[in-house]
Amino acid sequence: MTVREALLQGQKLLEDAGISAPRLTAEVLLLHAISHDKATRGEPPPDRAWLYAHSSDELREVWWIHYGRYLHQRIGGKPTQYITGRQEFYGRDFRVTPDVLIPRPETEHLIEAALAHMSGVRRVLDVGAGSGAIAVTLALESKAKVFSSDISLAALRVASENARRLHAEVVFVACDLGSAFAEASFDLVVSNPPYVPDSDRATMQREVRDFEPASALFAGQEGLDVYRRLVPEAARLLCPGGWLVMELGDTSAEPVREMLTSWRDVSIINDLAGLPRVAQAQL
């Protein structure tokens, strides 16, 4: 079987299983299979152009074995990012595992909002480290000292690895929200908290519901439980005049705005689809 034939066969299997972007997914999985073999022999990983330049090459047996396994996993619902162990975020490559949420492009709006408040900021806290995508990005895009907390030790291991690999100076702390930190110790608090209502569980995509960590997704019947704790916690942690920037769920904008009635300069930022995506407020 040639590389081209393997791609066509993988594409057909994914199409029949109702997997979105079947051609691209087949390419990514085949490249991952080939890269896995090349890495064991100290060779550089191929890119998509390699697939077309070598489309008539015979598929090595080890490539087919790995490729077949990855196709089977994807057809079973496992997200491509968990199969390849990587996801791009803000132009950087992050390692991801089932212990952390897969970073979404929408969260880059949170980064942009946070960076807009970075002038004069010395200390930043990212609540809910996950993969470390937010904390690492802010550390690399600013001169601030960045801290990041998470209750999951497994997530903190992934985040710490990403920080080391991307040469970002971030202090990771295991705690609930910001409970390990003193009052008025930060100039900026950012968070992409769990915000999916428990009632949405049955209708969610299986890739999200069955494979991503529930503790990073669900936040009570209305999806507001963590916001209700995070807003007063941020008020405790922020210095006077400090900013809180949080990602929003599809239905959380107005309830979160109401939680911020005692704050100044409260505003909601929409994403590219026109949906409310980020809430920001000044203490």
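Numbering of residues starts from 1 in each chain and follows the order in which that chain's sequence is written. With the structure being a predicted model, the display of local features is reserved for residues of pLDDT at least 70 and the display and counting of side-chain atom pairs for 80 or more, all residues being used for whole-chain, interface and lining totals. No hydrogens and no water enter the side-chain calculation; it runs on all heavy atoms of the structure.

K.L.:
What is the right way to look at unusual backbone geometry in this model?
P.N.:
Note: most residues except glycine have negative phi, and most peptide bonds are trans. A positive phi angle is found at H167, which is not glycine, with a value near 60°. Numbering goes from the N terminus for both helices and strands, where a helix is a DSSP run of H or I of at least four residues and a strand is a run of E of at least two. Tracing the backbone shows H167 in the loop between α8 (153–165) and β5 (170–174). On the basis of relative accessibility, which here comes to 69%, the residue H167 falls in the exposed class. Phi angles above zero are rare outside glycine, and A184 is one such case at about 50°. Within the secondary structure, A184 sits in the loop between β5 and β6 (186–191). Residue burial is assigned from relative accessible area. The probe radius is 1.4 Å, only protein chains are included, and a residue is buried under 20% of its type maximum, exposed over 50%, and partly exposed in between.

K.L.:
Please explain the pairing of strand β2 (residues 92–95) as it appears in this structure.
P.N.:
Two faces make up the sheet, and in a regular strand the side chains alternate between them. Alternating residues of β2 divide into R92 and F94, all buried, and D93 and R95, none buried. Pairing between strands is defined by DSSP: at least two bridges between the two strands are required. Bridging between strand β1 (residues 86–89) and β2 involves four bridges; their strand directions are antiparallel. By the bridge assignment for β2, E88 is matched with D93.

K.L.:
Sorry if this is basic, but what is going on with the nonpolar core here?
P.N.:
Taken as a class, soluble globular proteins show a tendency for nonpolar side chains to be buried jointly. Judged by nonpolar contacts, the single largest core of 33 residues is most densely connected at L125, F181, V189, L244, M246, L260 and W263. Of all the secondary structure elements, the ones that give two or more residues to this core are β3 (123–127), β6, α10 (225–237), β7 (238–247), α11 (253–259) and β9 (276–282). When residues of this core are assigned to their parent elements, the largest contribution, six residues, is made by α10. Pairs of residues are marked as contacts when any of their non-hydrogen atoms sit within 4.5 Å. If near-sequence neighbours (up to four positions away) are discounted, L260 is found in contact with V231, L244, M246, V266 and A281. Only buried residues count toward a nonpolar core, which is a set of Ala, Val, Leu, Ile, Met, Phe, Trp, Tyr and Cys residues joined through side-chain atoms within 4.5 Å. Counting 31 residues, the second largest nonpolar core, distinct from the first, contains F94, V136, L188 and V190.

K.L.:
Can you help me understand the state of the cysteines in this one?
P.N.:
By definition, a disulfide links the sulfur atoms of two cysteine residues through a covalent bond. Disulfides are defined in this document as cysteine sulfur pairs within 2.5 Å. Applying the stated criterion across every chain yields a total of zero disulfides. Here C175 is not disulfide-linked; the sulfur of C239 is the nearest cysteine sulfur, at 17 Å. Note on C175: relative accessible area 9%, which makes it buried. Judged by relative accessible area, which is 16%, C239 ranks as buried.

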